Each structure stands twice: as structure tokens, then as C-alpha cells.
Amino acid sequence: MRGTTFHSEGTTTAFAGARQETWWDPEQGLRSTTTGSDVSGEMYCKDGTSYISAPLFAAMLKERGQEITVPERLSDVFVTTETGQGCDIYFKVPDGGELQPEKDGSVADKAAKALTVSAGTASDTYFIDADDTGQVLRLDARRDGRTSTTSYDSFGEKFSITLPPQERTLPMEDFRKQVTGG
């Protein structure tokens, strides 16, 4: 899926009751929006650099037990980090999955093979186009008692992804210093 555009939409295990929508274009990068009762924000990724809106970053930290307050002056900033990999880490099917023929079926009228990847209490079942296109049609995930379902579509379609402007980005280290005063 790294080589073609796509769109995905569904629930997320990252935040209770939240939804996530993502667009990918190999030339333009990735854009993802997260919305829910307690969280909203955007994330982008291009050439191995992630850009996470400060409110979404704060919500991610809160989920991990670390609360921070984002000062008003930083509320429209995107925190940047290097992924250490390409942007496909946000959507690629991890190695080590097992085919689950008993879960095979169809997604959006396309035959799909089920592949499950598990590690500890996390389990992801990818429903992959049975025509060997390598396209994920749906992802059912389970993490720490939360479940989510994400549907993928619009393969090969055109859409525009515009990264945040440089003046609205702040490297992670600088953001931490400004928030913690250290």
C-alpha cells in the first residue's frame, strides 16, 4: 500500500470513543485526523518526519499517564519528531502474521483474506484483498480492552495533503522545554 494513494476511516484504540480518518499519498505524505469527545487533532507524516498537533500530542501523553498543559501560545503548533522509518509505519501490515482462513470473507463486495498479527494483549486482524493487490480493506484491532474497526478505500484516487507551514512546527525537544520550563 506504500505505493498507492488511499483513504481510511473508523474507530481507534488510541482514545476511547474517538474516530480517525487518514489519507495517504506516496508523493505528498500522510494526513490523519482524530476526533472524539475528549480529543481532536491532526497528524501528518512526510519523509520520516511526523507532525502532531500539540493538543493531540497532549492527549496521547495523557493516555500514557503523563498530563501536560499546552499553553495557549502553542495550541496551534505541530510537534515534530523523526520516525526513524518511513511514514508507512502508520499503516503497513507487520511481519509475522498468520492467515486465518476461518475469518476470510468479503469487505465492500471484495473477497478478503484474513491475516492476524498478535503481540501480548494486542491483536490486529487485517482483511486483505484476495486478488493479491496487497491492499488492506479493513483492520479490526484490539488493544488494552479497546477495539476498533477501520475501513480502507479510494485506492489510486487523487487528493491533496498540505503539511503544516514551517512557522507552525516545533521540534519535540523545544516543545518539551517550553511546556515543562526545563
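Residues numbered from 1 in each chain as written. Predicted model: local features only at pLDDT ≥ 70, side-chain atom pairs only at ≥ 80, totals over all residues. Heavy atoms only, no water.

Draft legend 1. The overall build of the chain, seen in detail. When its secondary structure is counted, the chain shows 2 helices and 13 strands. Scaling as 2.2 N^0.38, a compact globule of 182 residues should have a C-alpha radius of gyration of about 16 Å, and the chain matches this with 17 Å. Viewed in the frame of its principal axes, the chain has a C-alpha envelope of about 55 × 35 × 30 Å. Scored against the burial criterion, the 182 residues of the chain give a buried share of 41%. Looking at the chain alone, contacts between residues at least 24 apart form 44% of all its contacts between residues at least 6 apart. When the accessible surface of the chain is summed, it comes to about 10300 Å², and 45% of that surface belongs to carbon and sulfur atoms. (Helix = DSSP H or I, 4+ residues; strand = E, 2+ residues; numbered from the N terminus. Rg over C-alpha atoms; globule rule 2.2 N^0.38 Å. Buried < 20%, exposed > 50% of the residue type's maximum accessible area, 1.4 Å probe, protein only. Contact = heavy atoms within 4.5 Å. Areas by Shrake-Rupley, 256 points an atom, 1.4 Å probe, with all protein chains shown as cover.)

Draft legend 2. Layout of the side chain of threonine 33. Take threonine 33: it is sitting in strand S3 (residues 29-35). Sequence-distant contacts of threonine 33, that is, excluding residues within four places in its chain, are made with Arg19, Gln20, Glu21, Trp23, Gly41 and Glu42.

Draft legend 3. Geometry of the nonpolar core. Phe57 and Phe175 are the most contacted members of the largest nonpolar core, which has 35 residues in total. Of all the elements in the fold, those that place two or more residues in this core are strand S4 (40-46), helix H1 (54-63), strand S9 (110-119), strand S10 (122-129), strand S11 (136-143) and helix H2 (172-180). Of all the elements, H1 adds the most residues to this core, at 5 residues. With near-sequence residues (within four places) excluded, phenylalanine 175 lies in contact with Ala54, Phe57, Ile68, Val70, Leu74, Val79 and Leu170. If you look at the next biggest cluster of nonpolar residues, it comprises 5 residues, including Trp23, Tyr44, Phe78 and Ile161. (Core = buried A, V, L, I, M, F, W, Y, C linked by side-chain atoms within 4.5 Å.)

Draft legend 4. Main features of the pattern of salt bridges. Overall, the coordinates contain 6 salt bridges when judged by the stated rule. In this structure, aspartate 76 engages arginine 168 in a salt bridge whose closest nitrogen and oxygen atoms are separated by 4.0 Å. Taken together, the residues aspartate 76 in the loop between H1 and strand S6 (78-82) and arginine 168 in the loop between strand S12 (146-153) and strand S13 (169-171) connect sequence positions 92 residues apart. The class of aspartate 76 is partly exposed, set by a relative accessible area of 41%. Classification of arginine 168 by relative accessible area gives partly exposed; the value is 31%. Here aspartate 124 makes a salt bridge to arginine 143, at a shortest N to O gap of 2.8 Å. Taken together, the residues span a long stretch of sequence, with aspartate 124 in strand S10 and arginine 143 in strand S11 at a distance of 19 residues. Judged by its relative accessible area of 7%, aspartate 124 is buried. (Salt bridge = Lys/Arg side-chain N within 4 Å of Asp/Glu carboxyl O.)

Draft legend 5. Quick look at the layout of surface pockets. In this model, the largest pocket occupies a volume close to 1300 Å³. Taken together, 41 residues line the largest pocket, and the ones lying closest to its centre are Thr12, Thr13, Ala14, Gln20 and Tyr90. By residue number, the principal contributor to the lining of the largest pocket is strand S1 (residues 6-11), which donates 5 residues. Of the residues contributing to the lining of the largest pocket, the split by class is 17 nonpolar, 14 polar and 10 charged. Lining the second largest pocket are 15 residues, and of these Phe15, Asp38, Val39, Ala59 and Lys62 sit closest to its centre. With 5 residues, the single largest contributor to the lining of the second largest pocket is H1. (1 Å grid on protein atoms, 1.4 Å probe; cavity = no way out; pocket = protein on both sides within 12 Å on 5 of 7 lines; lining within 4 Å. Points joined across faces, edges and corners; volume = space filled by probe spheres on them. Nonpolar A, V, L, I, M, F, W, Y, C, P; charged D, E, K, R; others polar.)

Draft legend 6. Looking closely at the pairing of S1. Of the pairings in the sheet, the one linking S1 to strand S2 (residues 19-25) comprises 6 bridges and is antiparallel in character. Note on S2: the bridge partner recorded for glycine 10 is glutamine 20. Here 4 bridges tie S1 to S12, and the two strands are oriented antiparallel to one another. When the sheet's bridge partners are listed, histidine 7 is paired in S12 with aspartate 153. (Pairing = 2+ DSSP bridges.)

Draft legend 7. Just unusual backbone geometry, in detail. One non-glycine residue, aspartate 47, lies in positive phi territory at about 55°. By secondary structure assignment, the location of aspartate 47 is in the loop between S4 and strand S5 (49-53). Relative accessible area serves as the criterion here: at 68%, aspartate 47 is assigned to the exposed category. Its identity is not glycine, yet alanine 108 carries a phi of approximately 50°, on the positive side. Tracing the sequence through the fold places alanine 108 in the loop between strand S8 (105-107) and S9. A relative accessible area of 71% places alanine 108 in the exposed class.

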